[in-house]
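Fold and contact review
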Amino acid sequence: MQDVTFSYDDFDPESEGLREALTSTGNGYFCTRGTAEWEDAGTVHYPGTYAHGCFNRETTIFGGSPVLNEDLVNLPNWLVLKLRIEGDEAIRLDNVKLLSYRHDYDIRLAMVQRELRFRDRAGRETTLRSRRFVSMAHSHQAAIEFTFTPENWSGRAEVVSALDGRVTNQMVERYQELEGRHLDPVSPRTFGPETIALKSKTRQSNIYIAEAARTRVFQAGEQMPVERTLHQMEDYIQQTLAFDVTAGEPVRVEKLVALFTSHDNAITDTLTAAGRHVLRYPDYAEALAEHQAAWAELWDVCDVELPHEPRVQLLLRFHTAHVLQVCSRHTARHDAGVPARGLNGEAYRGHVFWDELYVYPFLNFRLPEITRGLLMYRYRRLTEARSAAREAGYQGAMFPWQSGSDGTEETQVVHLNPLSGQWDADHSHNQRHVNAAIFYNAWQYYQATDDLEFLRDYGAELMLEIARFWASLAHYNPEHERYEIHGVMGPDEFHERYPGAQDDGLRNNAYTNVMVAWIAETAPRVLDLLPASRRAALRARLGLTDDELRTWQDMSRRMFVPFHGEDVISQFEGYADLEELDWERYRAEHDNIQRLDRILKAEGDDPDRYQLTKQADAVMLFFLFPPDELRRLFEQLGYAHDPDMARRTVEYYDQRTSHGSTLSLITHAGVLAALDPESSWERFMAALESDVGDLQGGTTKEGIHMGVMSGTLDLLQRSYLGCSVRDGVLHFEPRLVDRLDGLVFSMQFRKTSIRISVKGVELTVLARAEGFRAPVRIAVGDQVRELGAGDECVFALPPQPDPANR
C-alpha cells in the first residue's frame, strides 16, 4: 500500500476537536486523541487518553437525588512537550503567527503528524515538526518525535516534558453537570536522570494507572547534553530540558512512553512496570520500524483495494485503521468490549451497546481471534446477566443495554436534551434486543470460524441462557394462538411507550419477535453441535428441561409479527395507528432533523405520538438475514412472504426515518443494494463520509462511531459482494458489480486464508497455500466449488437485474 494520508492544511479552532478525534493514535489497548503535544485542555483542544476497561463510577446530586454514572476514564496526559524560547511563555497555536500549517494522519500507521512555521511575538521564526504513534508492536508503548529548527535566531531553548494527572472527564457538553473527577493522585517518581513517571488511581474502582516517559535531545544524529530541571506535584511531574540552539540547525526531541494499568498481567506494580519498560525501549526510529512491521502484517489481512473508486478506497482504509486502533490482537488479550464511540472520546461514557453487531462481521473473516476475545467480554458478565434476569422476574440471562465494567445496567435514568436544557427520563434500558444481538454475534462467529471449542466451552452456555430469557419474557396469547412480547423498545429509540400510557415499553416489536423466533429455532441446533458428554453436562448444570426445548420449538413457529396496510411489517403493534408527522414543516424549520425526538420534546410535544423512526428497526430484518432465510422464517411462522415484502417495508419506513443514528445509513444501504442499487450507493457514500464530515453536527469530536466505520467495511462484503455462510459454504451474490470492478481483499474462512478479486464480470477466489487449514467450499449462484491449498477458481457473475424491471 502506497502512502495514504489524510491531511488538513490550515488550523481551524472550530474544527480542531473533530480533527483530534479523527487523527487519534491507538493500538487496541489504549488510544490517544490527535491533540497537539504543546496544547492544554480547553475549549479548542482536548488531549484525552483512554484504555479498555478503565471505568470509574461517580455520583452527582440532582435536586437532592443521587444519579450514578460510570465513565471510561480520561487517563493522565502523556503528550506534554512544550517549547519555550529564551525563557518566554511556551509556544501555543494562539500566541504565535502561523506562517504555514499542516496536520497529517498517516492511515497506514495510525500516526499523527504536524508541521508548522511560526513567528513568535519577538519576531523569531521557527519550523516545528512532530510525529507520534501508539505502538501496534508493543501494547504499552507510545512515542513522540519533536523536531524544531530556529530559522532566524540562535539562543537558549527549553523543552518541557511532562505527565499530567490533573485531567477530568469534561469533553461532552451535555455531561458537564455530572461529576467528571475520576482520578486521585498516588505518586510521581523518577527512574534515573532521563525518565519521569506518575501513578494515579481511579477514585471508586481502584484501578491504578502508571505512565513513564524517557525524553532525550539529539542534534546531527548525536544525543545532546542538556540541563535538566525537575518539578513535581502529587498529580503532575515535568522535566525541563534546556540547551543552546543555532539558527538553521535542527534539534530533535524523542519522548518514549510506557502506560500500564492494574488490569495488566505479569506485573507486580504499575509504576515499576512502566519505569522498567520505558528504560528498555529502543530509540524512536527503531520503535517506529517495529510499529510499521506490525501494521504491515495487519494490512496484509485487512486492506481493501478499490482503485476505480479512490475516495471510497481512502475512506475504507481510514475506517479500517480506526477499527484496528480500538479492536486489535492486543484487545483480545484483555477483558474488553466494543465501546460504541471507540477509545478517542467520552460520548456514551465509553459504554458497550449493540454496535458490535456491525463490528464483528469484518473481524470474523479477518481477525476472528479478536471477535472471540470480545465475545468473552459478554461471557464473563453472564453471572451478572443472570442476576438481572432473576431480579426482573425472568429466567436465563438478561444483558444490559449499556454495559461497562461489570455488566450491570449503565443506562442513565435521566439524559439532557440540549435543545430544551431539560433533563428527561431515559427509558432506553428497555432495549432488550441487545440480547438478540449477542446471540446473533456468537452464532455468526461460529459460522465463519467453525470454532467448536468456543461453542463448547463458552458460546453455547451464553446462547442458551439468552434463549431462556426470551422464552420467559414471551407469553402465550390464546386468543391469537401466538407468543407475544410486551414492554420493550426496538432499535428505533424514539418510541418509549404508547401515547398517554403510564407503562413503559411497546407490544410486539417486529424486529425483536422475529429475532426471538430465530433464536428459539437456533438454540437447539447449538445444543446438537456439542459433543454428547458436554451437551448432557451443560443441560444438567443449567437445569435445561425437555419442556423448555419444546417451548422453544413452539415459539419458533408461533411468534406474533404485526402487519398493517398492504402487508407491511409493523414496527410494533399499533404503529400504523399513530399520527403522521408533518415532515415538510420540520425540514423547513430545522437544518437537521435527525434528532426529531429532541426537537419535539423541546416544543412540548411527544415523539411517541407519531409514525417516525430514529433508525432502521423493522428494516433490520432484511439486513441481517439473506432473503431465502428470512422467507423461510416467515413461512415457518405461518406468515405469507412474497418477493416484494422487502421493497414495501423499506419504502414505508424510509419515508418515516430521520436516520438519527449513522447505523441507519448502513442498514438501509445494505437492504437497498438488491432493491435500488443507486440509492444504496448514495447512502453508502453518506455513511463513509459521516464521521470525517461530522454528519451529525458536532458529535464525532466526542468519539468516532465504531458501528458506522465497521459497518461500511461490512457493507462491502455482506451487501455488495453478497457474502454469507450457509451450511458450511461461503456464498457470494455480488451486486453493484460496476462499482466493484478492481476490488481486491483478503478473508479468512474457517481458518483458511482466501483472496477475493472482482474484475469485469468475473469473481476470482484464491485459497492461499500459506495458512491453509482445510478445503473450503465457495458458491456463486448455483456454482459451488471446493478449493484446496493454492487452488483458484474464476466465477462468471450472472447479469445484474435492472431495478426498474423489478
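Summarised in this report is the structure supplied together with it. By convention here, each chain's residues receive numbers from 1 onward along its written sequence. Only residues with pLDDT of at least 70 get local features here, since the model is predicted, and only at 80 or more are side-chain atom pairs given and counted; chain-wide, interface and lining totals rely on the full set of residues. Hydrogens and water molecules were not included; the side-chain quantities draw on all heavy atoms of the structure.

Remarks on the side chain of arginine 317
Selection rule: Under the scheme used here, helices are H or I runs from DSSP no shorter than 4 residues and strands are E runs no shorter than 2 residues, and both carry numbers assigned from the N terminus. Polar contacts here mean pairs of N or O atoms no more than 3.5 Å apart (in protein, one a potential hydrogen donor and the other a potential acceptor; neighbouring residues in sequence count only if both atoms are side-chain atoms).
Mapped onto the secondary structure, arginine 317 falls in helix H4 (residues 310-326). Polar side-chain contacts of arginine 317 include one of 2.8 Å to the side chain of aspartate 303.

Topic: helix H21 (residues 706-720)
This is how the line gets drawn: The span one expects for a helix is its residue count, reduced by one, times 1.5 Å. We define the bend at any residue as the angle between the axes fitted to the seven residues before and including it, ending there, and the seven starting there.
Its 15 residues place the ends of H21 20 Å apart at the C-alpha level, agreeing with the 21 Å of an ideal helix rising 1.5 Å per residue. When the local axis directions of H21 are compared, the greatest deviation, roughly 40°, occurs at aspartate 714. Once H21 ends, the next one or two residues include glycine 722, with phi positive near 65°.

Points about the state of the cysteines
For the record, the criterion: Two cysteine sulfur atoms make up a disulfide if the distance between them is within 2.5 Å.
Considering all chains together, one arrives at zero disulfides under this definition. Distance from the sulfur of cysteine 31, which forms no disulfide, to the nearest cysteine sulfur (cysteine 327) is 11 Å. Counting only cysteine sulfurs, cysteine 31 is the nearest neighbor of cysteine 54, a cysteine outside any disulfide, at a range of 13 Å.

Some points on the sheet that holds strand E33 (residues 762-767)
We apply this condition: Two strands pair if DSSP finds at least two bridges between them.
Taken in spatial order, the five strands make up an open sheet running E20-E31-E32-E33-E36, and their pairing is antiparallel. Unpaired on one side and paired on the other, strand E20 (304-305) and strand E36 (792-796) mark the two borders of the sheet.

Notes on the packing of aromatic side chains
Selection criterion: Between rings of Phe, Tyr and Trp, where Trp is taken as its six-membered ring, a pair exists when centres lie within 6.5 Å; planes separated by under 30 degrees are stacked, by over 60 edge-to-face, and by other angles tilted. Summary of the burial criterion: residues with accessible area below 20% of their type's maximum are buried, those above 50% are exposed, and those between are partly exposed, where the area comes from a 1.4 Å probe applied to protein chains only. Any Lys NZ or Arg CZ that is within 6 Å of a ring centre and within 35 degrees of that ring's normal is treated as a charge sitting over the ring.
Throughout the structure, instances matching the rule amount to 34 aromatic pairs. Summarising the aromatic geometry, the rings of tryptophan 354 and tryptophan 401 are spaced 6.5 Å apart at their centres and angled 45° between planes, so their arrangement reads as tilted. Of the two residues, tryptophan 354 sits in the loop between helix H5 (329-332) and helix H6 (356-364) while tryptophan 401 sits in the loop between helix H8 (382-391) and strand E21 (414-417), which places them 47 residues apart along the sequence. Taken as a pair, tryptophan 354 and tryptophan 401 share a single burial class, namely buried. One aromatic cluster is present, formed by Tyr348, Phe353, Trp354, Tyr358, Trp401 and Phe623 through successive ring pairs. In this structure, arginine 349 packs its charged tip against the face of tyrosine 175, placed 3.7 Å from the ring centre.

Looking at unusual backbone geometry
For alanine 266, which is not glycine, the phi torsion reads 60° and is therefore positive. Mapping alanine 266 onto the fold places it in the loop between strand E19 (251-261) and helix H2 (270-280). Residue alanine 266 is classed as exposed on the basis of its relative accessible area of 85%. One non-glycine residue, lysine 751, lies in the positive phi region at around 75°.

Brief notes about the nonpolar core
Heads up, the rule is: Residues enter a nonpolar core if they are buried and are Ala, Val, Leu, Ile, Met, Phe, Trp, Tyr or Cys, with the set joined through side-chain atoms within 4.5 Å.
One finds Trp354, Phe732, Ile754 and Leu763 to be the most contacted residues of the largest nonpolar core, which totals 197 residues. Element by element, the count of residues in this core is highest for helix H11 (residues 510-529), at 12 residues. With 46 residues, the next largest nonpolar core counts Phe30, Trp78, Tyr101 and Val257 among its residues.

Description of the packing of helix H10 (residues 452-473) against H11
Note the threshold: Only the contacting stretch of a helix is used when fitting its axis, a line to C-alpha atoms as for every element, and angles between N-to-C directions run 0 to 180 degrees. Here the word oblique covers every angle except those under 35 degrees (roughly parallel), over 145 (roughly antiparallel) and from 65 to 115 (roughly perpendicular). Less than a right angle of anticlockwise turn of the near helix away from the far helix marks a crossing as left-handed, whereas a clockwise turn marks it as right-handed. Working rule for contacts: check all heavy atoms of both residues, and any pair within 4.5 Å makes them a contact. Following the grouping adopted for this structure description, the nonpolar residues are Ala, Val, Leu, Ile, Met, Phe, Trp, Tyr, Cys and Pro, the charged ones are Asp, Glu, Lys and Arg, and the polar ones are all others, Gly among them.
Across the interface, H10 lies against H11 with an axial gap of 9 Å and an inter-helix angle of 140°. Judged by the angle between their axes, H10 and H11 are oblique. The crossing of H10 and H11 is left-handed. Of the residues in H11, those in contact with Leu452, Leu455, Ala460, Met463, Leu464, Ala467 and Trp470 of H10 are Thr512, Val516, Ile519, Ala523, Val526, Leu527 and Leu529. Each residue belonging to the contact of H10 with H11 can be placed in one class, and the counts come to 13 nonpolar, one polar and no charged.

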